[in-house]
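Here's the letter readout for the chains.
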Amino acid sequence: MKKMYQSVWHAIPFTSFTAVSSKELAGADFYASFYERFFKIYKKLDDLDPLWIKLKMQIPEFLKRDIKFRKDAAILSIGCGLGFVEKALFEEGFKGLEVTEVSKEPIQWLLPFIPKEHVHIGFFPECVSAGCRYNYIYLAGVDTFFTQIEFIKFLKAIANHLSPDGRCMIISWSFMPSDIISRIVLNCKDMVRLLLDKLGLKKRGQFWGYIRDIKELHSALVAAGFINIKESFFEKRTPWDTYWISGDKSV
Ligand SMILES: C[S@@+](CC[C@H](N)C(=O)[O-])C[C@H]1O[C@@H](n2cnc3c(N)ncnc32)[C@H](O)[C@@H]1O
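Treat the numbers as computed from the prediction; the structure is a model and nothing was measured.

Undergrad: Explain the overall build of the protein to me, and be specific about the residues and the numbers.
TA: Assigned secondary structure in the protein consists of seven helices and eleven strands. Expressed as lengths along the three principal axes of its C-alpha atoms, the size of the protein is roughly 55 × 40 × 35 Å. Among the 251 residues that make up the protein, the fraction classed as buried is 28%. A separation threshold of at least 6 residues defines the contact pool for the protein, and within that pool the share at least 24 residues apart is 68%.

Undergrad: Quick one: what's the story with the nonpolar core, residue by residue and with numbers?
TA: Core analysis: the biggest nonpolar cluster contains 43 residues, and Ile137, Tyr138, Leu155, Cys168, Ile170, Ile171 and Leu221 have the highest contact counts within it. Here the element with the most residues in this core is strand E7 (residues 134-140); it accounts for six residues. Not counting residues within four places of it along the chain, the set of residues in contact with Ile137 comprises Leu76, Ile78, Ile158, His161, Leu162, Gly166 and Cys168.

Undergrad: Outline the sheet that holds E7, listing residues and values.
TA: An order of E6-E5-E4-E7-E8-E11-E10 is seen for the seven strands of this open sheet, with the pairing classed as mixed. A strand with exactly one partner marks an edge of an open sheet, and here the two such strands are strand E6 (119-121) and strand E10 (226-233). Averaged over all pairs of adjacent strands, the angle between their axes in this sheet comes to 15 degrees, without regard to strand direction. Its contacts with the sheet put helix H5 (residues 148-160) on E7, strand E8 (162-172), E10 and strand E11 (243-249), and the angle it makes with E8 is roughly 140 degrees. Most of the contacts of helix H7 (residues 214-223) go to E10, to which it runs at about 160 degrees, and overall it touches E8, E10 and E11.

Undergrad: Go over the pairing of E8 with me, naming the residues and quoting the values.
TA: Of all the eleven residues making up E8, eight are buried; the element is thus mostly covered by neighbouring parts of the structure. Two strands pair when backbone bridges link them, and E7 and E8 are joined in this way by six bridges, in the parallel orientation. Across the sheet, residue Tyr138 finds its bridge partner in E8, namely Met169. Tracing the backbone out of E7, into H5 and back to the parallel element E8 gives a crossover that is right-handed. One ladder, built from six bridges, connects E8 with E11; its direction is antiparallel. Opposite Met169, over in E11, you have Ser246 as the bridge partner.

Undergrad: Can you explain the packing of H5 against H7? Please cite residues and give values.
TA: Two elements in contact, H5 and H7, have axes separated by 8 Å at closest approach and are oriented at 45 degrees. Classified by the angle their axes make, H5 and H7 are oblique. Where H5 crosses over H7, the two elements pack in a sense that is right-handed. Contact with H5, carried on its side by Gln148, Phe151, Ile152 and Leu155, involves Glu216, Ala220, Leu221 and Ala223 of H7 and no other residues of that element. Of the residues belonging to the contact of H5 with H7, the class tally is six nonpolar, one polar and one charged.

Undergrad: Explain the site of the ligand residue by residue, including any values.
TA: Taken together, the neighbourhood of the ligand is formed by 15 residues, with Gly79, Gly81, Phe124, Ala140 and Gly141 sitting nearest. Partitioning the shell around the ligand into residue classes produces nine nonpolar, four polar and two charged.

Undergrad: Quick one: what's the story with helix H6 (residues 180-198), residue by residue and with numbers?
TA: For H6, built from 19 residues, the straight-helix expectation of 27 Å at 1.5 Å per residue is met to within 8% by its first-to-last C-alpha distance of 27 Å. Among the 19 residues in H6, zero count as buried, and that is only a small part of the element. One or two positions beyond H6, positive phi appears at Gly200, with a value near 75 degrees.

Undergrad: A description of unusual backbone geometry should follow, citing residues and the corresponding values.
TA: Residue Phe124 is joined to Pro125 through a cis peptide bond whose omega torsion reads 10 degrees. In this structure, Pro125 sits in the loop between E6 and E7. Positive phi values are uncommon outside glycine, yet Ala11 reaches one of about 65 degrees. With respect to the helices, strands and loops of the structure, Ala11 is situated in the loop between strand E2 (8-9) and strand E3 (12-13). The backbone phi angle of Asn228 is positive, close to 50 degrees, even though this residue is not glycine. As for its position among the elements, Asn228 is in strand E10. Assessed through the 10 C-beta atoms surrounding it within 10 Å, Asn228 is described here as exposed.

Conventions we followed
- Residues numbered from 1 in each chain as written.
- Predicted model: local features only at pLDDT ≥ 70, side-chain atom pairs only at ≥ 80, totals over all residues.
- Helix = DSSP H or I, 4+ residues; strand = E, 2+ residues; numbered from the N terminus.
- Buried ≥ 20, exposed ≤ 12 C-beta atoms within 10 Å, placed from the backbone.
- Contact = placed C-beta atoms within 7 Å.
- Core = buried A, V, L, I, M, F, W, Y, C linked by C-beta atoms within 7 Å.
- Pairing = 2+ DSSP bridges.
- Axes fitted to C-alpha atoms, helices over the stretch in contact; angles between N-to-C directions.
- Right-handed = clockwise from strand over helix to strand, strands pointing away.
- Parallel < 35°, antiparallel > 145°, perpendicular 65-115°, else oblique.
- Left-handed = near helix turned anticlockwise from the far one by under 90°.
- Nonpolar A, V, L, I, M, F, W, Y, C, P; charged D, E, K, R; others polar.
- Near = placed C-beta within 6 Å.
- Expected span 1.5 Å × (residues − 1).

Geometric values such as these leave the question of function open.
Listed below in structure tokens is the structure:
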């Protein structure tokens, strides 16, 4: 697993609204300023990169093929981001869907469409009542934020919030390529970026989280006690590869 850095998101350069740190993960202030800028530029979903929307809209299509992802299930999406995937699912009849997000800022396009009590603001698991149990919990693009130890702890917290037949689904875009050539290219790019940073020529950007080997994602689920682990990739329709891995709560 290795650290990753980012300088731009949704075509918004970070240096345009905040100080950037290559040491500390982006915090609540960073995201508040980012989304303030974001919603000034983007007024509706169609203003965003169509390929990025296409990628994200593979999520509901994929989830609906899972036998455990049912319209009558209690479902939790952890870290829903803008929440347009969840809006689509809710409108399709997944009325037991709830979401978590660290702050209210990103979910303003979702809030008018989902009951207030289905929205949990804060960090999971603290933002959800200890007694809440779900049949299905999914997280897309959230694994990035954790070291391996933190991620195992996070997955154990997910298991605590699943019903005995419950399933956890992880959808990830921050995994290392499995072929050796791509890995060498990735490592070389990292070394060049580090060198440019050290020489004061080009900053590496904001510390954005971790990219891990897919074996590490697998072993995190095992370490957290999940069983019936299944994993694969989304059909590639955009420039980005999407890996998914699911596990069931052991009874
Ligand atoms: C990369 S975004 C992905 C958003 C969305 N799921 C998607 O696929 O577009 C990751 C989200 O996870 C949220 N997040 C990170 N840690 C979290 C936690 N412990 N509990 C809830 N949300 C978290 C962040 O606020 C962020 O919006």
